[in-house]
Amino acid sequence: MLPNDLIAGPYQPPACHVGDWLDDEIEGRTEVGGWTDAPLPWPRRRKAGRPSLILTAELARAVRTESVAAVCHWWGVGATKVWQWRKALGVDTTDGSQRIARRGVPPEGAAKGRSRAAEPGARARMADAKRGNPVPPQTRAGLLRAAKAPKPPGWGERANRWMQDGKQRDD
């Protein structure tokens, strides 16, 4: 199963024409302004600026069920839009996303990552990519909580051994 495979399809677009009105799950009654040219054509709302899809009950069912990759592929939207819909609909995770997560990283992908990480200068490249970028507030808060939390027995000794091992490898 590929990340963009549908697990609860098929999904049927509403029978409507330009100028008809449809119920959007977030915005309410919305006028149809056209259709997308995505693999699964869907009605767009009539509005000034960039057109967006009408989140009909059928599309909302897909957002509640399918992976982000599947919705992006079949409806021709970006991942940010799918996450906005999920947030508005109160969706945390979906069956489609869980299936992808359970599959894990394919062995060839994991092997490629390990070989890239072992290349000379890999740590320097990673550090350069992060240097100058502010730490997100939620990451900073999580790191502070972890630093202040009680440590398990033997933690200091293990940390010291780990640091000494790292220094010997870098020398």
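Counting from 1, residues in each chain are numbered in the order their sequence is written. In keeping with the model being predicted, local features are shown solely for residues with a pLDDT of at least 70 and side-chain atom pairs are shown and tallied solely at 80 or more, while totals for entire chains, interfaces and linings include all residues. Each side-chain value is worked out from all heavy atoms of the structure, with water and hydrogens disregarded.

Looking at this model, I keep getting lost on the overall build of the protein chain. Mind explaining?
Strands here mean DSSP runs of E at least two residues long; helices mean DSSP runs of H or I at least four residues long; both are numbered from the N terminus. Each helix and strand counted, the protein chain has eight helices and three strands in total. N-terminal to C-terminal, the α/β element order of the protein chain is β-β-β-α-α-α-α-α-α-α-α. Over its C-alpha atoms, taken along the principal directions, the protein chain stretches across nearly 70 × 35 × 30 Å. Under the scheme applied here, a residue whose accessible area is under 20% of the maximum for its type counts as buried, over 50% as exposed, and between as partly exposed, the area being computed with a 1.4 Å probe on protein chains only. Classification of the 171 residues of the protein chain by burial places 24% in the buried group. When checking whether two residues touch, look at their non-hydrogen atoms; a contact exists if any pair is within 4.5 Å. Residue pairs at least 24 apart in sequence account for 50% of intrachain contacts in the protein chain once pairs closer than 6 positions are excluded. Only carbon and sulfur atoms are counted for the fraction: they give 56% of the accessible area of the protein chain, which is about 12000 Å². Note on areas: Shrake-Rupley, 1.4 Å probe, and residue coverage restricted to the protein chains presented here.

Explain the pattern of salt bridges here, please?
A side chain of one charge can pair with a side chain of the opposite charge when the charged atoms of the two come close. Here, a salt bridge means any Lys or Arg side-chain nitrogen found within 4 Å of an Asp or Glu carboxyl oxygen. Summed over the entire model, instances satisfying the criterion amount to seven salt bridges. R29 serves as the salt-bridge partner of D23, at 3.2 Å between the closest nitrogen and oxygen. Residue classification places D23 among the partly exposed residues on the basis of a relative accessible area of 48%. Overall, the relative accessible area of 52% leaves R29 in the exposed class. Salt-bridge contacts for E119 lead to R125; the nearest nitrogen and oxygen are separated by 3.2 Å.

Is there a simple way to think about the packing of aromatic side chains in this case?
Describing an aromatic ring pair means giving the distance of the ring centres and the angle of the ring planes. Each Phe, Tyr or Trp ring (for Trp, its six-membered ring) is paired with any other whose centre lies within 6.5 Å, and the angle between the two planes then decides the class: stacked below 30 degrees, edge-to-face above 60, tilted in between. In the structure shown here, the tally under the stated rule is two aromatic pairs. Judged by centre distance (5.4 Å) and plane angle (65°), the rings of Y11 and W75 are edge-to-face. With Y11 in the segment before β1 (21–24) and W75 in helix α2 (residues 68–75), the pair connects residues that are 64 residues apart, well separated along the chain. W75 carries the same exposure label as Y11, and that label is buried.

Got a minute to help me understand unusual backbone geometry in this structure?
Phi is mostly negative for residues that are not glycine, and the peptide bonds are mostly trans. In this structure, P10 follows G9 across a cis peptide bond, with omega equal to 5°. Topologically, P10 is positioned in the segment before β1.

Any chance you could explain the nonpolar core here in plain terms?
A general trend in soluble globular proteins is that nonpolar side chains are found buried together. Residues enter a nonpolar core if they are buried and are Ala, Val, Leu, Ile, Met, Phe, Trp, Tyr or Cys, with the set joined through side-chain atoms within 4.5 Å. If you look at the biggest cluster of nonpolar residues, it comprises 18 residues, and the most contacted ones within it are L53, L55, L59, W75 and W85. Taken together, the elements giving at least two residues each to this core come down to α1 (57–65), α2 and α3 (79–89).

When you look at the side chain of E66 in this model, what are you seeing that I'm missing?
With respect to the helices and strands, E66 occurs in the loop between α1 and α2. Only four residue types enter the tally: Lys and Arg on the positive side, Asp and Glu on the negative side, with His and both chain ends excluded. In this structure, E66 is buried with no salt-bridge partner, the nearest side chain bearing the opposite charge being R61 at 6.3 Å. A 3.5 Å cut-off defines polar contacts: any pair of N or O atoms within that distance qualifies, except that in protein one atom must be a possible hydrogen donor and the other a possible acceptor, and neighbouring residues in sequence count only when both atoms are side-chain atoms. At a separation of 2.5 Å, a polar atom in the side chain of E66 contacts the side chain of Y11.

Honestly, the pairing of strand β2 (residues 28–35) in this entry has me stumped. Any pointers?
Side-chain direction in a regular strand flips from residue to residue, so the side chains alternate between the two faces of the sheet. Two strands pair when backbone bridges link them, and β1 and β2 are joined in this way by four bridges, in the antiparallel orientation. Residue L22 lies in a different strand from β2, and its bridge partner there is T30. DSSP calls a pair of strands paired once it identifies at least 2 bridges connecting them. With antiparallel pairing between neighbouring strands as the criterion, β1 and β2 make up a hairpin whose turn holds three residues. Sheet topology places β2 next to strand β3 (residues 43–45); three bridges connect them, and they run antiparallel. The residue bridging W35 from the neighbouring strand is P43, located in β3.

Would you explain the sheet that holds β2 in this entry?
Hydrogen bonds along the backbone pair up the strands of a sheet, which may run parallel or antiparallel. Reading across from one edge, β1-β2-β3 is the order of the three strands in this open sheet, with antiparallel pairing throughout. Edge positions in the sheet fall to β1 and β3, since each of these pairs with one other strand and no more. With direction set aside, neighbouring strand axes in the sheet form an average angle of 60°. To define axes, lines are fitted to C-alpha atoms, for helices over the stretch in contact only, and angles between the resulting N-to-C directions are given on a 0 to 180 degree scale.

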